[in-house]
Amino acid sequence: MGHDTHVVVAKNKTQYEYARRKRSQTMQMQVVTFAIMIFLTFIAFAAVAAGMSAYYVGPVILLLAAIQVVLQLYYFMHMSEKGHNMPAFFLYSGALFGFTFVITFLTIVWW
Amino acid sequence: MSAIAQKKGFGSALWDWLTTVDHKKIAILYLASGGFFFVVGGIEAMLIRIQLAVPDNSFLSAGLYNEILTMHGTTMIFLAAMPILFGYMNAVVPLQIGARDVAFPFLNSLGFWLFFFGGIFLNLSWFMGGAPDAGWTSYASLSLYSPGHGIDFYALGLQISGAGTYIAGINFLVTIINMRAPGMTYMRMPLFTWTTFVASALILFAFPPLTIGLFFLIFDRMFGANFFDHTMGGNTIIWEHLFWIFGHPEVYILILPAFGIFSEIFAIFSRKRLFGYSAMVFATVLIGFLGFMVWAHHMFTVGLGPTANAIFAVATMAIAVPTGVKIFNWLLTIWGGSIKVTTPMLYALGFIPSFVAGGVTGVMQAAAPLDYQLHDSYFIVAHFHYVIVGGVVLAILAGLHLYWPLMFNTMLSEKLGKITFWFFFLGFHATFFIQHFLGLMGMPRRVYTFIEGQGWDLFNFISSMGAILMAIGVIVLVINIVMTTVKNVPVGNDPWKDGRTLEWAIPQPVPFYNFKRTPLVRGLDTFWIEKQEGNKEGMSYAEPLSDIHMPNNSFIPFVMSLGLFIAAFGALYNGEKAWAVPVLVIGLGITLASMATRSLKDDHGYHIHKEDLMDHKGGNY
Amino acid sequence: MAEEVKYTPQTWPEHPETANLEGKNKFLGFWLFLGGETVLFASLFATYLALKNKGPEGMEFTTQSLFELPLVFVMTMLLLTSSLTSVYAMYHMKNFNFRGVQTWMAITVLLGFGFLALEIYEFYHYVHIGFTYSQSAFSSSFFTLVGTHGLHVVIGLGWIILLMLRNAKRGLSIYTAQKYYTASLYWHFIDVVWVFIFTVVYLMGVMS
Ligand code: HEM
Ligand SMILES: [Cu+2]
């Protein structure tokens, strides 16, 4: 355990106001992100409900899911902010390995 | 918990061990329990070799042989090799990177107790109706139909101890990423730290698939699921995939820290900087990555088809490249060094040819067509014992000598150490070299006996004699440990005189807070640099003396693990005994309640004040 | 002691979750854990895909005959919205507004319970029509995949409720803020997994 070196710094009024505004802007971005996610979900459900050919719809809804997950990770989970290199590296490694597992289970688990 | 030395009664000493969150003590717990399981697994190995010493032997019955064989493999991999390596990691890595402790001391203790209770649970099978008997790989087609509860002990025991391993992996990753002392950049990290880092990353990604596989097995056997039952649409190949997705990285989880230990030893006792440091780091990372892409080489004969077999064969052979890089770097480290052949160095020198032999047979097996011949024969047994005994176990024995003074401030006898080495080394080759030929002559693995007159009699006998030599080596080692502990001659820091990294710079016995002031790392092999510059203290510091924050001891990890241990009995007897479900619920309740307790209480730790540090020299607890 | 510092909105750090070493460790450790969870769910997905629609001779259940999209759509909306509400909670955490944190976390929990109720209803329905856990390899893998996600929801709910209770008196501090932050990461991750479940299991299940 390291030494505790807590320096408590108070923001002056302008800094404080600025930070507050910044945060509320970010929050607005989050709401926009949310709207996009809902929209993507809606398209995916609609495409399937419309009974279009699986040949087209399959890849499309997978792509929509991927986009939605990226939004979730980068905005809701703040991966776009500084200090997320290691988290991103390990999450992507996990995703890559996981992807390989899925591919092999779809191809070389036979009867 | 004061910094002042105090005499303790047995009760409070025991309490201290049960509640400790100090990485140095947890290291000792890992080493002791891992050592215990190593002896258990070793006795099982001796029983196997006695049974196979002569043809048509009836020393062990077929069923009992299967149980012993299974428990030998499972114990050695999960309960001996890995925990002992965790012991070294705990003892060495925080000191090596200049940290006061690991990132999560509480979880460190939890990881240990989970492993411990899982291991005990697994071994209780011997006394509760029979041990698992489907091999350490427990292929579902066999294990689903194994009567009794052996397999259930296997699945539940590994689930518990696996959770501990997983926690330990995350702990080391965070420790190494976040807690390095100032100046300790990634490319100044000693190799043992690097290999611990990569092995921990492998644990992070390899254990979840095992967890899933084990759950499937548990659900199939105990809760009526149908993952592996083909009459219900299930498929046993799924088990094979999940097991080997875990299993191949697992062998690298074992061998990488071993590589790390040997890298330290070669540099220390050649009194030279490790040759090709950056290539070594790169090779470690590459092996870690490739380690995930080759698992199906264990399934060549399953019938995955030529395309899949070809891809996995090529990927497997590719791993030999970074491994070769390492071998050459070690050789070039020795080259031109001023070599001191101490016991650890002797093990390191013995390791190179042994491991190369194991690697070569590995590449042979990677050739899928040839593997159709070699698969499930004694050739495979020879291969993996060359890599595991010739690599991992030699590293464990080398590390025992190397790090004993770091952990206990006293040195194992060099003379007895060398005697152990020679018995063990010669015995090892006598046991396993000849098994290559047994395999080529057609002897299948996992058979409890063989018929006279197939030309296997003599070789099997030689193999068993070799095992006796190894056993003698281990007995000498135990004598060595006992004698050393009784004599207990303190040796101080840097007992090998040629230590290069921070762990050798810290005063002995190591104070419970490790570094009084956080050190400043000035290069690779920072202690060596300081010594060269004549710095008596052996360290530069990054900060003035100030209060140190310490975590509180806790009994919760023990209780949490105990809860799962109890719950496992409930799951095991589900549908058979009336008390099963209540016990399951009570056990899980204990675990959940202790988690809630942990969460509800504030635990901020405590501080050691500057003034108390000032006049505190040694490390008396 | 450091943890007893009384903060005001002006002195409250921009990133309480990584304001001290413990926080940094927790933050990173939790993300790594999520990396492992990714592999865990990938294994479950892989198994589900390999066993989808596989069962004993003449099994009548298929993804097409089982799944009802309207229900899944409502569940998805509930969970997605709960992800946004936990973002609101973190927004108030950064503004040092404890009441905001508690309120939005409470809303998150309510939405989570809504999701859970529908999932329980769905499972109950399946079991009722004979699609039980032991019915086939398909049913086992379906219930295990979706059920493991559901278990994560349960754990998430328990965790957040526990946090709200334990901190009701304590209020916001660096120590408690870090706990909220990891819990909200966990909640988002549950949503990430659900996105793949509704796409791969349900939508691709009923696709013609
Ligand atoms: C150059 C590196 C290596 C290569 C190319 C390699 C290749 C292989 C192959 C192809 C097999 C499957 C043989 C069969 O069952 O037909 C195998 C089995 C095995 N290997 Fe390796 N290996 C390597 C290194 C290691 C290491 C470092 C370890 C452990 C520390 C290890 C432990 C094992 C074990 C335990 C098995 C047998 C598993 C079982 O079926 O019970 N290998 N190896
Ligand atoms: Cu392998």
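Residues numbered from 1 in each chain as written. Chains lettered and ligands numbered in written order. Predicted model: local features only at pLDDT ≥ 70, side-chain atom pairs only at ≥ 80, totals over all residues. Heavy atoms only, no water.

Identification of chain C as Cytochrome (Ubi)quinol oxidase subunit III from Chryseomicrobium excrementi is taken from an unreviewed UniProt entry. Listed under Sequence similarities (unreviewed entry) in UniProt, the entry text for chain C is "Belongs to the cytochrome c oxidase subunit 3 family." On record in UniProt, under Subcellular location (unreviewed entry), the comment for chain C is "Cell membrane". (UniProt positions renumbered as here; feature names shortened; annotations may be inferred.)

Per an unreviewed UniProt entry, chain A goes by the name Cytochrome c oxidase subunit IVB and belongs to Tetzosporium hominis. As stated in UniProt under Subcellular location (unreviewed entry), the record for chain A gives "Cell membrane".

Okay, the overall build of chain C next. Across its full length, chain C carries six helices and zero strands. Its C-alpha atoms put chain C at 70 × 30 × 25 Å along the principal axes. Looking at chain C as a whole, 65% of its 208 residues qualify as buried. Restricting the contact set of chain C to residue pairs at least 6 apart, pairs at least 24 apart contribute 78%. In the structure as shown, chain C presents an accessible area of about 7000 Å², 68% of it carried by carbon and sulfur atoms. One way to put it: in chain C the 11 positive side-chain charges average out to a point 12 Å from where the 12 negative ones average out. (Helix = DSSP H or I, 4+ residues; strand = E, 2+ residues; numbered from the N terminus. Buried < 20%, exposed > 50% of the residue type's maximum accessible area, 1.4 Å probe, protein only. Contact = heavy atoms within 4.5 Å. Areas by Shrake-Rupley, 256 points an atom, 1.4 Å probe, with all protein chains shown as cover. Lys, Arg positive; Asp, Glu negative; His and termini not counted. Charge placed at Lys NZ, Arg CZ, Asp CG, Glu CD.)

Glancing now at the overall build of chain A. Tallying secondary structure elements over chain A gives three helices and zero strands in all. Beginning at the N terminus, the succession of helices and strands in chain A can be written as α-α-α. Taking 13 Å as the expected radius of gyration for a compact globule of 111 residues, we find that chain A reaches 21 Å, considerably beyond that expectation. Oriented by its inertia axes, the alpha-carbon framework of chain A measures out at about 65 × 40 × 15 Å. Burial status across chain A gives 41% buried among its 111 residues. Across chain A, the fraction of contacts at a sequence separation of at least 24, relative to all contacts at a separation of at least 6, is 53%. When the accessible surface of chain A is summed, it comes to about 6200 Å², and 70% of that surface belongs to carbon and sulfur atoms. (Rg over C-alpha atoms; globule rule 2.2 N^0.38 Å.)

Attention now moves to the side chain of B:Asn514. Residue and element names in this part refer to chain B. As for its position among the elements, Asn 514 is in the loop between α15 (457-487) and β1 (519-520). Residue Asn 514 is classed as buried on the basis of its relative accessible area of 1%. Among the polar contacts listed, one links the side chain of Asn 514 to the backbone oxygen of Arg 100, at a separation of 3.0 Å. When sequence neighbours within four positions are dropped, the list of residues in contact with Asn 514 reads His 23, Lys 24, Pro 94, Leu 95, Ala 99, Arg 100, Asp 101 and Ile 506. (Polar contact = N/O pair within 3.5 Å; in protein donor to acceptor, adjacent residues only side chain to side chain.)

Residues and elements named next belong to chain A. Considered domain by domain, chain A is made up of domain 1 (1-80) and domain 2 (81-111). Between domain 1 and domain 2, the C-alpha centre-to-centre distance is 21 Å. The interface is formed by six residues belonging to domain 1 together with six residues belonging to domain 2. Taken as a group, His 78, Met 79 and Ser 80 account for 72% of the area that domain 1 buries against domain 2, more than any other trio of residues on that side. Viewed at the interface, domain 2 and domain 1 are joined by four residue pairs in polar contact (both at pLDDT 80 or more). Looking at the side of domain 1 that touches domain 2, its residues break down into four nonpolar, two polar and no charged. (Domains from an automatic or database assignment. Buried area = accessible area lost by both parts, 1.4 Å probe. Nonpolar A, V, L, I, M, F, W, Y, C, P; charged D, E, K, R; others polar.)

Residues and elements named next belong to chain B. Counting protein donors to the iron atom of ligand 1 gives just one, His 383 (NE2), placed at 2.2 Å. Between the two metal centres, the iron atom of ligand 1 and the copper ion (ligand 2), the spacing is 4.4 Å. Topologically, His 383 is positioned in helix α13 (residues 378-408). (Donors = N, O, S within 2.8 Å, 3.2 Å for Na, K, Ca; no water.)

Looking now at the interface of chain A and chain C. Counting from both sides, the interface comprises 56 residues of chain A and, opposite them, 58 residues of chain C. Summing both sides of the interface, chain A and chain C together bury roughly 5100 Å²; the carbon and sulfur share of this comes to 76%. Three residues stand out in chain A for area buried against chain C, namely A:Arg23, A:Phe45 and A:Met77, and they jointly supply 14% of the buried area on that side. Scanning the region where chain A abuts chain C turns up two salt bridges. Across the pair A:Lys11 and C:Glu14 runs a salt bridge whose closest N-O atoms are separated by 3.5 Å. Applying the counting criterion to the chain A and chain C interface returns eight residue pairs in polar contact (both at pLDDT 80 or more). Along the lines of polarity and charge, the residues of the side of chain A that touches chain C split into 37 nonpolar, 15 polar and four charged. (Salt bridge = Lys/Arg side-chain N within 4 Å of Asp/Glu carboxyl O.)

Let us now look at the coordination of the copper ion (ligand 2). Looking at the metal site, the copper ion (ligand 2) is ligated by B:His248 (ND1), B:His297 (NE2) and B:His298 (NE2), spaced 1.8 to 2.0 Å from it. All donors to the copper ion (ligand 2) come from one chain, and their sequence spacing reads H-x48-H-H.

Spanning 31 residues, helix α1 (residues 21-51) of chain C covers 45 Å between terminal C-alpha atoms, matching the ideal 45 Å at 1.5 Å per step. Phi turns positive, to about 65°, at C:Asn53, one or two residues after α1(C). (Expected span 1.5 Å × (residues − 1).)

With that out of the way, let us pick up the site of ligand 1. Residue and element names in this part refer to chain B. Neighbouring ligand 1 are 22 residues; Asp 371, His 375, His 383, Phe 384 and Arg 445 lie closest to it. Contacts to ligand 1 include Asp 371, whose side-chain N or O atom sits 2.7 Å from an oxygen atom. At 2.7 Å, a side-chain N or O of Arg 445 approaches an oxygen atom of ligand 1. In terms of residues, the shell around ligand 1 owes the most to one element, α13, which gives six residues. Grouping the amino acids of the shell around ligand 1 by side-chain chemistry returns 13 nonpolar, seven polar and two charged. (Near = heavy atom within 4 Å.)

For the structure shown, the criterion picks out 17 salt bridges over all chains. Of the charged contacts in the structure, one is a salt bridge between B:Lys24 and B:Asp22, with a shortest N-O distance of 3.1 Å. When sorted by exposure, B:Lys24 lands in the same class as B:Asp22, which is buried. A salt bridge links B:Arg221 to B:Asp152; the nearest nitrogen and oxygen atoms lie 2.5 Å apart. Remark: B:Asp152 occurs in helix α6 (residues 150-178) and B:Arg221 occurs in helix α7 (residues 191-222); sequence separation between them is 69 residues. Salt bridges linked by common partners bring A:Lys11, A:Arg23 and C:Glu14 together as one network.

Within the largest apolar cluster, 288 residues are counted, with the highest numbers of intra-cluster contacts made by B:Tyr88, B:Phe262, C:Phe142 and C:Tyr202. When residues are assigned to domains, this core turns out to be shared by domain 1 (1-80) and domain 2 (81-111) of chain A, each giving three or more. Contact partners of B:Phe262, with chain neighbours within four places excluded, come to B:Trp330, B:Tyr347, B:Ala348, B:Phe351, B:Gly391, B:Leu394, B:Ala395 and B:Ala398. Counting residues in each nonpolar core, the second largest holds eleven residues, with B:Leu52, B:Ile68, B:Val381 and B:Phe450 among its members. (Core = buried A, V, L, I, M, F, W, Y, C linked by side-chain atoms within 4.5 Å.)

Let us look at the interface of chain B and chain A. Each partner contributes to the interface: chain B provides 40 residues, whereas chain A provides 18 residues. The junction of chain B with chain A conceals about 2300 Å² of combined surface from both sides, 75% of it contributed by carbon and sulfur atoms. The tally of links between chain B and chain A comes to zero salt bridges. Remark: the boundary between chain B and chain A carries one residue pair in polar contact (both at pLDDT 80 or more). Listed by contribution, the elements that provide at least two residues to the side of chain B that touches chain A are α6, α7, α8 (237-270), α10 (306-334) and β3 (548-550) of chain B. Tallied by class, residues from the side of chain B that touches chain A come to 27 nonpolar, eight polar and five charged.

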